[in-house]
Amino acid sequence: MSEIAIRDDRAAGRLEAYAGDEVVGHIAYFVLESPGRALVPVHTIVEPAHEGKGIAGSLARELYAMSAREGVPVAPLCPYVVKWAARHPDEAPVADPELLSAAEAWLAAHPGRF
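Procedures and definitions
- Residues numbered from 1 in each chain as written.
- Predicted model: local features only at pLDDT ≥ 70, side-chain atom pairs only at ≥ 80, totals over all residues.
- Heavy atoms only, no water.
- Phe/Tyr/Trp six-rings, centres within 6.5 Å; stacked < 30°, edge-to-face > 60°.
- Helix = DSSP H or I, 4+ residues; strand = E, 2+ residues; numbered from the N terminus.
- Buried < 20%, exposed > 50% of the residue type's maximum accessible area, 1.4 Å probe, protein only.
- Salt bridge = Lys/Arg side-chain N within 4 Å of Asp/Glu carboxyl O.
- Pairing = 2+ DSSP bridges.

S.K.: Got a minute to help me understand the packing of aromatic side chains in this structure?
M.R.: When we look at a pair of aromatic rings, we describe it by the centre distance and by the angle of the planes. For the coordinates displayed, the defined rule picks out 3 aromatic pairs. Taken together, a centroid distance of 3.9 Å and an interplanar angle of 20 degrees make the contact between Phe-30 and Trp-106 stacked. Residue Phe-30 is found in strand β3 (residues 22-32), and its partner Trp-106 is found in helix α3 (residues 97-109); the two are separated by 76 residues along the sequence. Given the relative accessible area of 26%, Trp-106 is considered partly exposed.

Listed below in structure tokens is the structure:
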């Protein structure tokens, strides 16, 4: 895999993977505030020309590393992140069901956001 840099654009709710100056993939997410703070990934997208290079996994790994640095859990709604977390339990703690329910409710209440 070529050199990939990952940057968090918190204001846009995107964790982005760059190859040079080009965004080649991202995780769209939001920050849940209640009943507790959590990072909630909703979609993972990798540009077709860059699929199969481990970019989605690198993004998921960085999302969980970011949550650890910030001391907040991840409540994944993104199917890819859910599967990645199941394969990497040492890096991805199981999400609190209450946070998952709150994240689903938030997403349903903001249908145009993602």
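S.K.: Could you clarify how one ought to interpret the pattern of salt bridges in this entry?
M.R.: Pairing between side chains of opposite charge can happen when the charged atoms of each approach one another. Evaluation of the coordinates by the stated rule reveals 6 salt bridges. Arg-14 is paired through a salt bridge with Glu-16; the nearest N and O atoms lie 2.9 Å apart. Note on Arg-14: relative accessible area 25%, which makes it partly exposed. Judged by relative accessible area, Glu-16 falls into the buried class, the value being 9%. A salt bridge links Arg-37 to Glu-33, with the nearest nitrogen and oxygen atoms 2.6 Å apart. Salt bridges linked by common partners bring Asp-8, Arg-10 and Glu-70 together as one network.

S.K.: Just to check I follow, could you spell out the pairing of strand β2 (residues 14-19) for this structure?
M.R.: Here is the key point about a regular strand: its side chains alternate between the two faces of the sheet. Burial analysis of β2 places 5 of its 6 residues in the buried class, the great majority of the element. Of the strand pairs in this sheet, strand β1 (residues 5-9) and β2 are connected by 5 bridges, and their pairing is antiparallel. Among the inter-strand pairings, Ala-5 is bridged to a residue of β2, identified as Tyr-18. Connecting β1 to the next strand, β2, in antiparallel fashion are 4 residues, including Gly-13 with a positive phi near 70 degrees. For β2 and β3, the ladder comprises 6 bridges, and the chain directions are antiparallel. The residue of β3 that forms the bridge with Tyr-18 is Val-23. Hairpin connection, β2 to β3: the antiparallel pair is bridged by 2 residues, and Gly-20 has positive phi, about 70 degrees.

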